[in-house]
Amino acid sequence: MSAGGITAEPPVAAAPPPGGEPGRFSRYLTAAVFLAPAFIMLGVWMVYPAVYTIIRSFFGPTGFLGSWVGTDNYHTLFTSSYFTTAIKNNAIWVAVVPAFVAAIGLIFAVLTERVRWSLAFKTVVFLPIAISAFATGVTWRILYDQNPDTGAINALGRVVSDAVTPPGVLSSALPSTSTLQPHGGGLLLKTPLHPGGVALLGLTGIAPQDVPGGAKQAVKPDSQSGQINGVVWRDFKPGGGKPGVVEKGELGLPGVSIELHSSSGKVVQTAKTAADGSFAFSNVPAGTYQAGVGASTFAKPFGGYSWLGDRLITPSLLIAYIWIWAGFAMVVIAAGLSSMPRDVLEAARTDGANEWQVFRRVTVPLLAPVLTVVFITMIINVLKVFDIVFALAPESEYRNANVLAFAMWQTAFSGGGNFGVGSAIAVFIFLLVLPVLLLNVRRFRREL
Amino acid sequence: MSRRSIQAAVVLAAVIALAIVVAAVFGGTSQGAVKTGKKAAVNTAVKGKVTFDGIWTSSTGQKPFQAVIDAFHKKFPGVTVNYKPVGNNLPTVLATAVAGGHPPDMADIAQPGTIKQFANQHKLKPITYANSVLNKNFSKGWLSLGKFNGKQYAFVFKAANKSLVWYNVPAFKTAGVKPPKTFSNLLSIAKTIKASGTPAYSIGGAEGWTLTDLFENIYLRTFGVAKYNQLSAHKIKWTDSSVTTALKSMGKILGDTSNIAGGTAGALQDSFNQSVTNAFASPPKAAMVFEADFVGGVILSQTKAKPKTGFNTFVWPQITAGANAKAVEIAGDLMVTFRDTPAIRAFVKYLATPQAAAIWAKQGGFGTGNHNMSAKVYPDAITRATEAPLLTAKSVVFDMSDNQPPAFGSTAGQGEWGLFQKFLQSPSNIKSIQQQLEAAAKAAYK
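Definitions and limits used
- Residues numbered from 1 in each chain as written.
- Chains lettered and ligands numbered in written order.
- Predicted model: local features only at pLDDT ≥ 70, side-chain atom pairs only at ≥ 80, totals over all residues.
- Helix = DSSP H or I, 4+ residues; strand = E, 2+ residues; numbered from the N terminus.
- Rg over C-alpha atoms; globule rule 2.2 N^0.38 Å.
- Buried ≥ 20, exposed ≤ 12 C-beta atoms within 10 Å, placed from the backbone.
- Contact = placed C-beta atoms within 7 Å.
- pLDDT = per-residue confidence, 0-100.
- Pairing = 2+ DSSP bridges.
- Domains from an automatic or database assignment.
- Core = buried A, V, L, I, M, F, W, Y, C linked by C-beta atoms within 7 Å.

**Notes on the overall build of chain A**
Then step 1. Within chain A, the regular secondary structure consists of 13 helices and nine strands.
Then step 2. Over its C-alpha atoms chain A spans a radius of gyration of 37 Å, topping by over 25% the 22 Å that the globule rule assigns to 448 residues.
Then step 3. By principal-axis analysis of the C-alpha atoms, chain A measures approximately 135 × 75 × 35 Å.
Then step 4. By residue count, 35% of the 448 residues in chain A fall in the buried class.
Then step 5. Sequence separation of at least 24 residues holds for 71% of the intrachain contacts in chain A that already meet a minimum separation of 6.

Shown next as structure tokens:
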């Protein structure tokens, strides 16, 4: 705007004559009117809350003025194990997520350049970002469920595990009396047996629906010379029954493999139980023996890994989060790739560089600015990560999955009601984001 | 534009922005007070309006409460009660309204801690005018829950019985056991149930409140109302030997890992709903659930189990003999008043009558300590079984965590909830858990 030629006009504050050049004040006014919306928004939604939060962080939990606590809130932040866990976890997030997201995005972007259906592929990889983080959390929570009947990941584990070690017929069974002792995964009757002896192997903890099919009333076998007889049965009837005694209404357990151990501990014979649970070892030479149930009978079915338990919770969250953001990185990097000068790549190839060398020495350095954008975006995202933790972690693991933004919400709003410490966390997050932000602003300046 | 004119514009814009901020911050308090009912009552006909902010929304009891209001309106045609369904964030809404100087005339509050706070700030009006009705219909134990600073400020209108255990009837039949009368009996039938092939307990440990409820019932059954209330107010420390004893008893259940559905790790990831559906699935994954009367609703809506043949309930078994065995832990809604007008008085007195309670009780999902209401009013056998103990209860306590500062008593994964989850993980670690509980309580009560 040029105002050089209007100095003859008196600088009046009142409305300028229609058609005349605007006065100094009205020029300010015009500027102010145009700037006001931005300033008001900045003031109301940015500056005022930020300043208020900083001030608030030096006061107590609920009352505001008059509850000055100095830096106590910050002290709490760095000493209480609840918050230090959050800080530690946030550090893990920052260390892991941006690197993995950028790496996976880069791999996808480079590879999809060479496939025919690249658009379809990119769309699929990009889809997760279109889903709300909360929905993602709920979905992954089901995927991660420990029960293989619910959790897809553990269901896969069960297929593999059961193929390697099939579960036993009586995996939940327990001995009914203390005469049966655990022995190498199976059970062994303590009482020594001689030819003509009878072994009673009572088991409990078997639900009626888990009794092998075709089971009949258990019968206590008679002693027979030269043989060791016995019975394996569900030693339980409503009310408990008498442990160790074969009673009416108690079923034999068919198909159980029985081992006969010699006095030296070697398995000399094996047998399978009949429908009434009975078994017999014939032609047993004189000596002392022990009978027991083989380990395979009790092999436990695959119980599933506790993905959402205290040890794996943070890695599980990281995987879900990387799944969300890898698509974003891929799209940004792919855009960078498509604008890359091809002749440089061609030149490198002509000079005899192999594909890996081209990728490592040419593509990646040329992509550095784009990778920086991905890194910075992800670092900021990860510093304020909240929703995935809230939705994916079970409440019992909130403590172990804790991150700063989550701790802030919980401390200030969800029951905690401690706005002092909550504000302190907010300020701390702000301070962590600040250097990344400044870096970003400087980069913008350079690019402009 | 010159540099100076830009600077001036910036200053002007900043001033405008500041003015708006100031207006936004300080302008909120200028609204007038809400008008309330007229004072004068013509003959016996009371006239006026009552505004009521309630927790019950259309899906959680607004209808039956509106039926109560309608019945009242028939008796007092001059009084209109305007019910506003606020929902679960009622405490926050009320706190804001009270701070802003325009609370509703009445409200129902589920946290005695909040009521106490309002009473201390002199925001509530005592309801001593209703004493004769209250004394006629409620036992001293019930009325004590609404007494703060020695004055009746509130009374429990709607209550949930939390001293219950739910069991899978077929699972009990398979094991050949009967509902236990004593704690040692409970532990011994649990053994038998395990031998029958079903874990005895289903614990919804992913949500801490199920665990604190279990602890509270054990503590109440062992030490009775007086000590319970002291612990609840943090007048007894969490490192007290009574807490040790209660935790030891609790450990007998939580430490029996193979007798819990899914073991400890599974229990820590089961929500309350899952713990119920586990126990009432067919075949059952567990035989018993320790929780309040509302379990019945979950069973009916989320499983195929039928009352009596599929599921049933028994009162929390006795640990020490005498009054402690009959004490009841409840959660519930207390009626409070922020103003005192004849219209409000009439409504408060009406709510304390057995007639008012019966209107809602008939529709289910409602318990009351109004002993002049007959248990026959309850719609079905299960509700009668769960709510009848409330009518005769002499010693009643409120859910402990509702009395405590939320940071300690009711924050997911933190304070009491988080620490009881830790206890579930390692039930032998009693001493360290007690110290951590005490430290957390101390910080929250500061």
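**Some points on the confidence of the model for chain B**
All names here are of chain B.
Then step 1. Mean pLDDT over chain B stands at 88; residues scoring 70 or higher make up 90%.
Then step 2. Across residues 17-43 the pLDDT falls below 50, and counting only partners more than four positions away or on other chains, this stretch makes 38 contacts in the model.
Then step 3. Model confidence for the complex is summarised by a pTM of 0.81, with the ipTM given as 0.77.

**Description of the sheet that holds strand S9 (residues 288-289) of chain B**
Note on sheets: strands pair through backbone hydrogen bonds, and any given pair is parallel or antiparallel.
All names here are of chain B.
Then step 1. With mixed pairing, the four strands of this open sheet are ordered in space as S8-S9-S7-S10. Two strands close off the open sheet at either side, each with one partner strand: strand S8 (201-202) and strand S10 (311-315).
Then step 2. Alignment of S8 against S9, held across two bridges, turns out to be parallel. Bridging from a neighbouring strand, Ser202 pairs with Val289 of S9.

**Some details on the domain arrangement of chain A**
Then step 1. Assigned domains of chain A: these are domain 1 (80-153 + 307-417) and domain 2 (174-298).
Then step 2. On a C-alpha basis, the centroid separation for the pair domain 1 of chain A and domain 2 of chain A is 56 Å.

**Remarks on the nonpolar core**
Then step 1. The biggest cluster of nonpolar side chains holds 193 residues, and the ones touching the most others in it are Leu317(A), Tyr321(A), Val389(A), Met288(B), Val336(B) and Phe347(B).
Then step 2. Not counting residues up to four positions away in its chain, the partners in contact with Met288(B) are Val165(B), Trp166(B), Tyr167(B), Ala200(B), Tyr201(B), Ser202(B) and Ala279(B).
Then step 3. In terms of nonpolar packing, the next biggest core, distinct from the first, is built from 29 residues, Val246(A), Tyr289(A), Ala291(A) and Val293(A) among them.

**Brief notes about the confidence of the model for chain A**
Then step 1. Looking at chain A, the pLDDT average stands at 87 and 93% of residues meet or exceed 70.
Then step 2. Low confidence marks residues 1-9 of chain A, where pLDDT is under 50. Its contacts with residues over four positions away, or in another chain, come to four contacts.

**Considerations on the pairing of strand S3 (residues 106-109) of chain B**
All names here are of chain B.
Then step 1. In S3, alternate side chains face the same way, and those of Met106 and Asp108 on one face and Ala107 and Ile109 on the other are all buried.
Then step 2. As paired elements, strand S1 (residues 48-54) and S3 share two bridges and run parallel to each other. Note on S3: the bridge partner recorded for Phe52 is Met106.

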